[in-house]
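Each chain, letter by letter, is given below.
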Amino acid sequence: MTVLTTPTIDGFRYERLPGSGGVELNVAVGGSGPAVVLLHGFPQTHYMWREVAARLADEHTVIVPDLRGYGASGKPEEADADTYAKRTMGEDVVRVAAALGHDRFGLIGHDRGALVGVRAALDHPDRVRYLGILDVLPTLDTWGVLHGVDAKVAWHLYLMAQPAGLPERMIGAVAEDFFASFLDAWDTDGSTFTPEVRRHYLDSSVAAVPSIVADYRASAGVDLEQDRADREAGRTLAMPVGVISQDWGSQLGFDPTAIWGAWSDDLVYEPIDAGHFMAEEKPDEVARFIRALAARADG
């Protein structure tokens, strides 16, 4: 039997707080000042933010949850499309922040967490003071830029978009190899993770195959439908938005400022010379990005 390792962020306290439908989230909290929520990506947990969170804690209350379905948070069975819809996961974030006494907060997301952040900001503009995005496109635009053989970079999106059953069995059969392939391929020089941190991400992901697949499946269904509805209705992000990303546009043939500009009239886009796991590779630069975004929101 595998015993999951659950590292914690130094100096942060931990609470289990209810999200939408009473699903319990594992939440790290530290620092003081205006609140900022940090949402992790795939195939990781809240622990990916450890270095950035430590740098922000002197001036912010930093709230760092495991998303539902990941890490030490609850992993409800996929009862319907809404269980892992980004709308539901965004509601988790709003409820967690409110439970900690913060009705308004900054919201920063990496990868999957950024998709939750976009949906939370669209659905709750009165709660989200500013929105920071690390290395992803909105759900609607992600599917839109994937064409032909270049789409192979996102092969896992297509696998996990399939109906329940087969993708879970396929991934479960080689789960450690599956998740390790992303940790290794997206780590620019192979030095971003210590063996212990890499082991934590692998163990946590292997233990969460059904919920991770359900999260991705939602992005090919209900999440896409909700993005389309917002686009058709002309809804945009009402708060300052910052995006920091690798240069995926040159590889896949899109203009990131044009894509994000369609969602925001108050946008700053920054390229970064880092791999996908930039919060761990270059925490000083990511912390600077977040501070600058918070300062914009403060006027």
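Here's what I pulled together on the structure shown here. Note that the structure is predicted; figures quoted are calculated from it, not measured.

## What about the packing of aromatic side chains?
Right, so step 1: Considering all chains together, one arrives at 13 aromatic pairs under this definition.
Right, so step 2: Relative to Trp-186, the ring of Phe-182 lies with its centre 5.0 Å away and its plane at 50°, an arrangement referred to as tilted. With respect to class, Phe-182 is no different from Trp-186; both count as buried.
Right, so step 3: Feature note: the residues Phe-42, Trp-155, Phe-178, Phe-179, Phe-182, Trp-186, Phe-193, Tyr-201, Tyr-216 and Phe-277 constitute an aromatic cluster, connected by ring pairs.

## Here's the deal with the pattern of salt bridges
Right, so step 1: In this structure the tally under the stated criterion is 25 salt bridges.
Right, so step 2: Arg-198 is the salt-bridge partner of Asp-184, the closest N and O atoms lying 3.0 Å from each other. Placement of Asp-184 in helix H7 (residues 175-185) and of Arg-198 in helix H8 (residues 195-206) is noted, with a sequence separation of 14 residues between them.
Right, so step 3: Using a relative accessible area of 44% as the deciding quantity, one classes Asp-184 as partly exposed.
Right, so step 4: Accessibility expressed as a relative area gives 27% for Arg-198, which makes it partly exposed.
Right, so step 5: For the salt bridge of Asp-266 with Arg-296, the shortest nitrogen-to-oxygen distance reads 2.6 Å. One end of the pair, Asp-266, is in the loop between helix H12 (256-261) and strand E8 (267-271); the other, Arg-296, is in helix H14 (residues 283-298), and 30 residues separate them in sequence.
Right, so step 6: By relative accessible area, Arg-296 is classed as partly exposed at 27%.
Right, so step 7: One salt-bridge network, held together by shared partners, links Arg-87, Arg-119, Asp-123, Asp-227, Asp-230 and Arg-235.

## Observations concerning unusual backbone geometry
Right, so step 1: Of note, the amide linkage connecting Phe-42 to Pro-43 takes the cis form, showing an omega dihedral of -5°.
Right, so step 2: One can find Pro-43 in the loop between strand E3 (35-39) and helix H1 (50-56).
Right, so step 3: Although it is not a glycine, Asp-111 sits at a positive phi angle of roughly 60°.
Right, so step 4: Residue placement: Asp-111 occurs in the loop between strand E5 (105-110) and helix H3 (112-123).
Right, so step 5: Under the relative-accessibility criterion, Asp-111 is labelled buried at 9%.
Right, so step 6: Even without a glycine there, the phi angle at Asp-135 is positive, about 60°.
Right, so step 7: With respect to the secondary-structure elements, Asp-135 resides in the loop between strand E6 (128-134) and helix H4 (139-145).
Right, so step 8: Note on Asp-135: relative accessible area 4%, which makes it buried.

Conventions and cut-offs
- Residues numbered from 1 in each chain as written.
- Predicted model: local features only at pLDDT ≥ 70, side-chain atom pairs only at ≥ 80, totals over all residues.
- Heavy atoms only, no water.
- Phe/Tyr/Trp six-rings, centres within 6.5 Å; stacked < 30°, edge-to-face > 60°.
- Buried < 20%, exposed > 50% of the residue type's maximum accessible area, 1.4 Å probe, protein only.
- Salt bridge = Lys/Arg side-chain N within 4 Å of Asp/Glu carboxyl O.
- Helix = DSSP H or I, 4+ residues; strand = E, 2+ residues; numbered from the N terminus.

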